[in-house]
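Chain by chain, the residues:
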Amino acid sequence: MIRWIVVIFLSVIVFSTLLPWLEKLGIGRLPGDLRFRLFGRIFSLPFASTILISVVVFLLAKLL
């Protein structure tokens with residue numbers, strides 16, 4: 001259980017840093033992705049995109 005929490009947490013960090021590039025592909029704007037402004041800075045938490053990409057990677061790993 002802890003392993004999955006760590007994987008999801010690290011995925012959120014990676015996708016948050018890559019979000020400007022990924023938004024051009026439509027990732028980061030799914031329902032469930034949170035975006036808010038705090039102290040004049042925009043923070044994004046792409047939960048739905050992270051889960052979607054994790055499922056795709058899991059299915060690819062299962063097939064290989």
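The residue numbers shown here count from 1 along each chain, following its written sequence. This being a predicted model, a pLDDT of at least 70 is required before a residue's local features are given, and a value of 80 or more before pairs of side-chain atoms are given or counted; all residues contribute to the totals for chains, interfaces and linings. In computing side-chain properties, one takes all heavy atoms of the structure into account and sets aside hydrogens as well as water.

Asks: Looking at this structure, how should I read the overall build of the chain?
Replies: Helix and strand counts for the chain come out as 3 helices and 2 strands. A run of DSSP states H or I qualifies as a helix once it reaches four residues; a run of E qualifies as a strand once it reaches two. Both are numbered from the N-terminal end. The secondary structure elements of the chain, listed N-terminal to C-terminal, are α-α-β-β-α. For the chain, the C-alpha atoms occupy an extent of roughly 45 × 30 × 20 Å along the three principal directions. With 64 residues in all, the chain has 17% of them scored as buried. In the chain, 32% of the contacts between residues at least 6 apart in sequence involve partners at least 24 apart. Think of it in three bands: with a 1.4 Å probe and only protein chains considered, a residue is buried below 20% of the maximum accessible area for its type, exposed above 50%, and partly exposed in between. Residues are treated as being in contact if the distance between any of their heavy atoms lies within 4.5 Å.

Asks: How do you make sense of the UniProt feature "transmembrane region" (unreviewed entry) in the chain when you look at a structure like this?
Replies: UniProt positions are given in the numbering used here, feature names are shortened, and annotations may be inferred rather than shown by experiment. Under the UniProt annotation, the feature "transmembrane region" (unreviewed entry) is placed at residues 5-22 and 42-61. Secondary structure content for residues 5-22 is 94% helix and 0% strand, while the C-alpha to C-alpha distance between its ends is 23 Å. From the first C-alpha to the last, residues 42-61 spans 34 Å; its make-up is 75% helix and 25% strand.

Asks: For this particular structure, what's the right way to read the side chain of S49?
Replies: Position of S49 among the secondary structure elements: in helix α3 (residues 47-63). If we ignore the near neighbours within four places in the chain, the residues touching S49 are I27, G28, L30 and D33.

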